[in-house]
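# Inside the fold
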Amino acid sequence: MYLARVTGALVSTSKHASLNGAKLLIVARLDEHCQPTGTAQVAVDFVGAGNGETVIVTTGSSARMSASKAHSVIDAAVVGIIDSLDVNGQ
């Protein structure tokens with residue numbers, strides 16, 4: 001799992017059946033100081049995150065297990081919204 005910031009959302013009318021009804025977000029991975037570290041990624045949102053929010057993203061088989069549908073093609077999933085972050089007592 002890693003921290004990310006939601007930078008946008010996307011709509012895809014043609015997609016794998018396991019993604020039907022799924023909200024897709026664009027997320028940017030963050031370091032421990034909440035600074036972006038790399039390229040953006042598309043993640044399925046399971047928690048109702050919004051643009052600009054800091055979220056927890058899981059990948060791989062953990063992301064697929066977040067889906068209610070068997071045989072999902074999900075590789076990244078937003079599984080939590082960060083309310084507060086305390087790094088080294090700051």
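Please refer to the structure higher up on the page.
Residues numbered from 1 in each chain as written. Predicted model: local features only at pLDDT ≥ 70, side-chain atom pairs only at ≥ 80, totals over all residues. Heavy atoms only, no water.

Further remarks concern the side chain of Asp45. Among the structural elements, Asp45 can be located in strand E3 (residues 36-45). Of note is the side chain of Asp45, whose polar atom sits 3.1 Å from the backbone nitrogen of Gly48. In terms of polar contacts, Asp45 uses its side chain to reach the backbone amide nitrogen of Ala49, at 2.9 Å. Among all residues touching Asp45, those that are not within four sequence positions of it are Lys23, Leu25 and Val78. (Helix = DSSP H or I, 4+ residues; strand = E, 2+ residues; numbered from the N terminus. Polar contact = N/O pair within 3.5 Å; in protein donor to acceptor, adjacent residues only side chain to side chain. Contact = heavy atoms within 4.5 Å.)

Bringing the nonpolar core into the picture now. Within the largest apolar cluster, eleven residues are counted, these being Tyr2, Ala4, Val6, Leu25, Val27, Ala43, Ala49, Val55, Val57, Ala76 and Val78. At the level of secondary structure, the elements contributing two or more residues to this core comprise strand E1 (2-10), strand E2 (23-30), strand E4 (54-59) and strand E5 (76-81). Dropping the residues within four chain positions of it, Val78 is found in contact with Leu25, Val27, Ala43, Val44, Asp45, Phe46, Val47, Ala49, Val55, Ile56 and Val57. Judged by nonpolar contacts, the second largest core, of six residues, contains Leu24, Ala63, Ile74 and Ala77. (Core = buried A, V, L, I, M, F, W, Y, C linked by side-chain atoms within 4.5 Å. Buried < 20%, exposed > 50% of the residue type's maximum accessible area, 1.4 Å probe, protein only.)

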